Amino acid sequence: MTTETERLIRAWYTAFDAGDREGMLALLAEDVAHDVNQGPREVGKPAFRAFLGQMDRCYRERILDLVVMVDGSGTRAAAEFVVEGEYLATDSGLPPARGQRYRLPAGAFFAVEGGRITRVTTHYNLQDWIAQVDG
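Being a predicted model, the structure only gives us computed values, none of them experimental.

Rules used in this analysis
Residue numbers run consecutively from 1 along every chain, following the written order of its sequence. Per-residue local features are limited, in this predicted model, to residues with pLDDT of at least 70; the limit for side-chain atom pairs, both in listing and counting, is 80 or more; totals at the level of whole chains, interfaces and linings are taken over all residues. By convention in this description, side-chain values take in all heavy atoms of the structure and omit both hydrogens and water. Note on pairing: DSSP must find at least two bridges between two strands before they are called paired. Secondary structure elements follow DSSP: runs of H or I of four or more residues count as helices, runs of E of two or more count as strands, with numbering from the N terminus. Each aromatic pair joins two rings of Phe, Tyr and Trp (for Trp, the six-membered one) with centres within 6.5 Å, and gets the label stacked for planes under 30 degrees apart, edge-to-face for over 60, and tilted for any other angle. In this scheme, a residue with accessible area under 20% of its type's maximum is buried, one over 50% is exposed, and one in between is partly exposed, where area comes from a 1.4 Å probe on protein chains only.

**A word on the pairing of strand β6 (residues 116–124)**
Inspection of the sheet shows strand β1 (residues 28–35) paired to β6 by four bridges, in the parallel sense. By the bridge assignment, His-34 is partnered in β6 with Val-120. Both strand β5 (residues 101–113) and β6 contribute to a ladder of eight bridges, which runs antiparallel. From the neighbouring strand, Val-112 faces β6, where its bridge partner is Ile-117. Here β5 hands over to β6 after two residues, with Gly-114 in that stretch at a positive phi of 60°.

Dropping the structure here:
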């Protein structure tokens, strides 16, 4: 049985893969907390919109092998997946981009309230990614 929360998280990744940034933003609470991998917490849809813009400028990615897990209350969820991508433009503080391709296991944690995502925390091994694009 698929829960509303699982459908919400799957819709998030469907929008991601489709490049539907407005669709992704529509699933977020206005005051969403975003814990950037190995970075600061950013709060609010405007900050998330800016993050997506930066990601779209530097990377082309898709999600593979998605598994979604939801707690019994439906207020917490986790996703495990593989990111397959291409490094399009040099991102600040990272190796130069030359169209390198990468494949990286990753995970994300979500808080959900009122049918919207209120927190997104993403994690992947940055050193693994650097080794793949800097080799």
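On we go from here.
**Concerning the packing of aromatic side chains**
Tallying each qualifying case throughout the model produces nine aromatic pairs. Their ring planes at 85° and their centres at 6.2 Å tell us that Tyr-13 and Phe-110 sit as a pair that is edge-to-face. Separated by 97 residues along the polypeptide, Tyr-13 in helix α1 (residues 4–18) and Phe-110 in strand β5 bring together distant segments of the chain. According to the relative accessible area criterion, Tyr-13 is buried, its value standing at 6%. Centre to centre, the rings of Tyr-59 and Tyr-87 are 5.4 Å apart; their planes meet at 15°, and the pair counts as stacked.

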